Amino acid sequence: MPLRYIRSLRKVKNIMKKYYDIHKMTDNPFLNMYQIDAIDTKGNDFCYYFASRNDEDKIKIRTRSIKPEGIVIYAVTKEEQPRLVLIRQYRYPIDEYLYELPAGLIDGDEDPGTAAAREMKEETGLDFTEYTGGSECYRRPYFLGPGLTDETDSTVYGTVSGRISDALTEDTEEIQVILADKEKVRQVLANERVSMRGAYLMMHFLHSETPFAFLE
């Protein structure tokens, strides 16, 4: 086989391979930084960094799993004109209050619906009942920001009842609960700092005749 052809094959092989190794760089309880010894499209080496909530042997680059680490909760009140459950929460990385939907991490072997009920109770004091109608494709895990993290989350839909309470809120969480009608949601989207996933679900709330119509 001609030497020129062998070199060409090696070059193609190197370009097809995307990384050599992965190194865990931190040792924190909830989130850690990893370095990928990566290869660019020209076959050159470079370092790529990402954050993960997973243990070193369970990061998604190794497992290829899309199992969700967390959930976001789209919940409405049981009223003739339903209101959407929003939270206004202080976020340390931006030193600002952000409008979001209730959300949290899945504990152990919890299913997303169970995690949603627990997180809703902890963050708002409200009781959550899962809505299981509509297409399952809207409940599957999706990646949050693959340029930054391997985390996937699922969305859980449902209704709430009971009274707002901060009795179960953690000391590290500063949360205000808002039951927002469509006018309030419009004001939030127009004027406030809002999480991306919260913003998209707020848009669905605004443009659906019934709270879960967009799931059909």
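What you see is a predicted model; the values in this text were computed from it and never measured.

Novice: Please clarify how the packing of aromatic side chains should be interpreted in this entry.
Specialist: Think of a pair of aromatic rings as described by two things: how far the centres are apart, and how the planes are tilted against each other in angle. The tally for this structure, following the rule as stated, stands at eight aromatic pairs. Taken together through their ring pairs, the aromatic side chains of Tyr74, Tyr131, Tyr157, Phe212 and Phe214 make up a single cluster. Sitting over the ring of Tyr97, Arg88 keeps its end group 4.4 Å from the ring centre.

Novice: So what exactly am I meant to see when it comes to the pairing of strand β6 (residues 96–100) here?
Specialist: On a regular strand, each side chain points to the face opposite its neighbour's, so the side chains alternate between the two faces of the sheet. Direction of pairing for strand β5 (residues 84–91) relative to β6: antiparallel, over a ladder of five bridges. Within β6, the position partnered with Ile87 by the bridge is Glu100. Counted between consecutive antiparallel strands, the loop separating β5 from β6 contains four residues, among which Asp95 sits at a positive phi close to 50 degrees.

Novice: Could you clarify how one ought to interpret a nonpolar patch on the surface in this entry?
Specialist: A surface patch of nonpolar side chains, amounting to about 280 Å² of accessible area, comprises Met25, Met33 and Tyr49. With respect to the helices, strands and loops of the structure, Tyr49 is situated in strand β3 (residues 45–52).

Novice: Whenever I open this one, helix α3 (residues 112–124) confuses me. Can you help?
Specialist: Helix length check: α3, at 13 residues, gives a terminal C-alpha distance of 18 Å against a target of 18 Å (1.5 Å per residue), a fit within 8%. When we look at burial in α3, the residues that qualify are Gly113, Ala115, Ala116, Glu119, Met120, Glu123 and Thr124. Projected onto a plane normal to the axis of α3, the buried residues spread over an arc of 150 degrees and lie on a single side. Contacts from the buried residues of α3 go to β4 (70–77), β5, β7 (103–105), β8 (127–130), β10 (152–161) and β11 (175–180). N-cap assignment for α3: the residue whose side-chain oxygen lies 3.0 Å from the backbone N of Gly113 is Asp111. Of the residues one or two after α3, Gly125 is the one with positive phi, at around 85 degrees.

Novice: Where do I start with the environment of Gln187 in this structure?
Specialist: As for its placement among the helices and strands, Gln187 is situated in helix α4 (residues 182–191). Gln187 sits 17 residues away from Glu170 along the chain, and the two C-alpha atoms are 28 Å apart.

Novice: Looking at this structure, I do not really get the environment of Ile61. What am I missing?
Specialist: Note on placement: Ile61 falls in helix α2 (residues 60–63). C-alpha of Ile61 to C-alpha of Glu183: the two residues are 122 residues apart in sequence and 43 Å apart in space. Beyond its immediate stretch of four places on either side in the chain, Ile61 contacts Tyr19, Ile22 and Ile36.

Parameters at a glance
- Residues numbered from 1 in each chain as written.
- Predicted model: local features only at pLDDT ≥ 70, side-chain atom pairs only at ≥ 80, totals over all residues.
- Heavy atoms only, no water.
- Phe/Tyr/Trp six-rings, centres within 6.5 Å; stacked < 30°, edge-to-face > 60°.
- Lys NZ or Arg CZ within 6 Å of the ring centre and 35° of its normal.
- Pairing = 2+ DSSP bridges.
- Helix = DSSP H or I, 4+ residues; strand = E, 2+ residues; numbered from the N terminus.
- Patch = residues over 30% accessible without salt bridge, like charges linked within 9 Å, V, L, I, M, F, W, Y side chains within 5 Å.
- Areas by Shrake-Rupley, 256 points an atom, 1.4 Å probe, with all protein chains shown as cover.
- Salt bridge = Lys/Arg side-chain N within 4 Å of Asp/Glu carboxyl O.
- Expected span 1.5 Å × (residues − 1).
- Buried < 20%, exposed > 50% of the residue type's maximum accessible area, 1.4 Å probe, protein only.
- Arc of directions from axis to C-beta.
- Contact = heavy atoms within 4.5 Å.
- Polar contact = N/O pair within 3.5 Å; in protein donor to acceptor, adjacent residues only side chain to side chain.

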